[in-house]
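A look at the structure
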Amino acid sequence: MSIVKSKIRTIPDYPKPGILFRDITSLLLDPEGLALTIGTFVNRYQGKGITKVAGIEARGFLTGAPLAFQLGVGFIPIRKKGKLPAETVAEEYDLEYGKDVIEIHKDAVQPGDRILVMDDLIATGGTMIAAVKLLRKLGAEVYEAGVIIDLPDLGGAKKLKDDLQVPIFSICEFEGH
Ligand code: AMP
């Protein structure tokens, strides 16, 4: 949606040279932008039988938690390794240089849960794919992945659909990296 897209600020060369950082803080700071963003997700997901919303640390908390509240369901944080205090399951994934690990509380998911997984942006898809694998390890059905921004040239959305059969919804797209 072009209004949402117009409120996302682009910071060149952050966090390193050559990256165009799509900064959603400018969108969240704007009351109309915030309402349109969360409202778009609420309209799409209400009445779909979603039982929980999971959000990926940290910017997936900003989209996922208000959405869960509006849908009247619980919220599950998926966090970087070592941050969750109770028993967890983990999934490793590749970064551009090296690896990272995300975790979820084992008791956050019950059989029959139909879960929506949220982040701010999908690029190569590594983070979102790891999150879907975590939820599936615990027996959840992953209904869809929702993000504000897709970078289609990096192929993550296609990979999620082709490799894991998880549909992805994005409010807007940016060309390039
Ligand atoms: P990926 O695992 O490659 O799909 O990367 C997605 C994660 O990295 C998301 O949690 C994003 O917040 C972050 N990210 C990747 N590329 C960008 C970018 N160009 N601008 C802002 N955040 C990004």
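Residues numbered from 1 in each chain as written. Predicted model: local features only at pLDDT ≥ 70, side-chain atom pairs only at ≥ 80, totals over all residues. Heavy atoms only, no water.

Within an unreviewed UniProt entry, the label attached to the protein chain reads Adenine phosphoribosyltransferase, and the organism entered is Leptospira ellisii. Recorded in UniProt under Subunit (unreviewed entry), the annotation for the protein chain is "Homodimer." (UniProt positions renumbered as here; feature names shortened; annotations may be inferred.)

Once that is clear, we can look at the packing of aromatic side chains. Inspection of every chain in the model, using the stated rule, returns five aromatic pairs. Measuring from centroid to centroid gives 6.1 Å for Phe41 and Phe169, while their planes differ by 85 degrees, and the two rings are edge-to-face. Of the two residues, Phe41 is situated in helix H3 (residues 31–45) and Phe169 in strand S10 (residues 168–173); the sequence distance between them amounts to 128 residues. The class for Phe169 is buried, based on a relative accessible area of 17%. Measuring from ring centre to ring centre gives 6.5 Å for Tyr45 and Phe169, while their planes differ by 85 degrees; the resulting arrangement is edge-to-face. Highlighted residues: Tyr45 in helix H3 and Phe169 in strand S10, separated in sequence by 124 residues. For Tyr45, a relative accessible area of 1% translates into the label buried. Members of the aromatic cluster, each reached through a chain of ring pairs, are Phe41, Tyr45, Tyr143 and Phe169. Above the plane of the ring of Phe174 lies Lys5, whose end atom (NZ or CZ) is 4.8 Å from the centre. (Phe/Tyr/Trp six-rings, centres within 6.5 Å; stacked < 30°, edge-to-face > 60°. Helix = DSSP H or I, 4+ residues; strand = E, 2+ residues; numbered from the N terminus. Buried < 20%, exposed > 50% of the residue type's maximum accessible area, 1.4 Å probe, protein only. Lys NZ or Arg CZ within 6 Å of the ring centre and 35° of its normal.)

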